[in-house]
Amino acid sequence: MALVLDIETSESGVMEYLDLVERGVGVAAMVDLSLYDFMTMELGMDDDYFTTNVKTAFMDGKPADDLKTALVGDGCRLALAAAMPGAFGMIMRADSPIGAMRSSITYDKCASGVCAKPGTVTLLLFNLVLRDFGPKVLKRGVMAPAKNLLRLMEKREGLLERAAGLEVHGQQRSAGEVKSMLENEPEGVVELTITSTA
């Protein structure tokens, strides 16, 4: 059974948890949608933001060219970023003029005539997209490996202690109690929601 953890912290405190999204978090949502529909309709990314800033997408480890039609299926591992630097960034960018150099590894599943259904996607965000959209993902709720949260707590000393409130399965808990629960199940999954105080 997953540990259900709700953390209330400041708006800047939410930013301290972005490493989890960069490592990859599970997101429960409707799947078998186009990448565009998944990000805008299911996760709430602004249409203009998606069109203007999301320039690189890897789906199940393969670069995607058509971000409006690429299929996000159940269990998909989806990594998104703004433009990446250098030759690698240029080759991997969606609709790159030199994308033919990677045609053998390009993601080619297309969302046409598929009916949406509930599922889970592993979402990873990087650079500008992580900074701008990561907090919204955390506030929506994610599934994260307990070991990743423990690593983050080691990296950011006093992370849980800075929270305004901690609840496990709806019960108030201290930072020490939460840490102990995570350490008892390091290979477990945490259903995590982070909200910000005014």
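Treat the numbers as computed from the prediction; the structure is a model and nothing was measured.

Rules used in this analysis
Residues numbered from 1 in each chain as written. Predicted model: local features only at pLDDT ≥ 70, side-chain atom pairs only at ≥ 80, totals over all residues. Heavy atoms only, no water. Helix = DSSP H or I, 4+ residues; strand = E, 2+ residues; numbered from the N terminus. Buried < 20%, exposed > 50% of the residue type's maximum accessible area, 1.4 Å probe, protein only. Contact = heavy atoms within 4.5 Å. Areas by Shrake-Rupley, 256 points an atom, 1.4 Å probe, with all protein chains shown as cover. Phe/Tyr/Trp six-rings, centres within 6.5 Å; stacked < 30°, edge-to-face > 60°. Lys NZ or Arg CZ within 6 Å of the ring centre and 35° of its normal. Salt bridge = Lys/Arg side-chain N within 4 Å of Asp/Glu carboxyl O. Pairing = 2+ DSSP bridges. Arc of directions from axis to C-beta.

Some words on the overall build of the protein
- Of the regular secondary structure elements, the protein holds 8 helices and 12 strands.
- Across the 198 residues in the protein, those meeting the buried criterion constitute 46%.
- Pairs at least 24 residues apart make up 80% of the contacts formed inside the protein by residues separated by at least 6 positions.
- Total accessible area computed for the protein in this model is approximately 9700 Å², and 52% of it derives from carbon and sulfur atoms.

Notes on the packing of aromatic side chains
- Taken as a whole and judged by the stated rule, the model has 1 aromatic pair.
- Between Tyr-36 and Phe-50, the aromatic rings sit 5.4 Å apart at their centres with planes inclined by 75°, giving edge-to-face as the arrangement. In this pair, Tyr-36 sits in helix H3 (residues 35-42) while Phe-50 sits in helix H4 (residues 47-53), placing the two residues 14 residues apart along the sequence.
- Residue classification places Phe-50 among the buried positions, given a relative accessible area of 3%.
- For Lys-68, the ring lying beneath its charged end belongs to Tyr-36, and the centroid distance is 4.0 Å.

What about H3?
- Among all positions of H3, only Leu-35, Tyr-36, Phe-38, Met-39 and Thr-40 are buried.
- Directly after H3, the chain includes Gly-44, whose backbone phi takes a positive value near 80°.

Remarks on the pattern of salt bridges
- Counted according to the given criterion, the structure contains 9 salt bridges.
- Of the charged contacts in the structure, one is a salt bridge between Arg-162 and Glu-16, with a shortest N-O distance of 2.7 Å. On the criterion of sequence distance, the pair formed by Arg-162 in the loop between helix H7 (146-155) and strand S10 (165-168) and Glu-16 in the loop between helix H1 (11-15) and helix H2 (18-23) is long-range, its members being 146 residues apart.
- Residues joined by salt bridges that share partners form a network here, namely Asp-19, Lys-155 and Arg-156.

Details of the pairing of strand S7 (residues 77-81)
- Among the 5 residues of S7, 4 are classified as buried, and the element is accordingly described as predominantly covered.
- Both strand S4 (residues 56-59) and S7 contribute to a ladder of 4 bridges, which runs antiparallel. Note that in S7 the partner of Phe-58 across the bridge is Ala-79.
- Bridge count for S7 against strand S8 (residues 117-125) is 4 bridges, and the pairing is parallel. Bridging from a neighbouring strand, Leu-80 pairs with Leu-125 of S8.

Structural notes on helix H8 (residues 175-184)
- Turning to H8, its buried residues number three or more, namely Ala-175, Val-178 and Leu-182. In an axial view of H8, the angular spread of the buried residues amounts to 65°, which keeps them on one side of the axis.
- For H8, the elements touching its buried residues are strand S1 (3-9), H7, S10 and strand S12 (189-196).

A word on the pairing of S12
- Pairing of S1 with S12, which is carried by 7 bridges, proceeds in the parallel orientation. Across the sheet, residue Thr-9 finds its bridge partner in S12, namely Ser-196.
- By the bridge criterion, 4 bridges tie strand S9 (residues 142-145) to S12 in an arrangement that is antiparallel. Across the sheet, residue Pro-145 finds its bridge partner in S12, namely Val-189.

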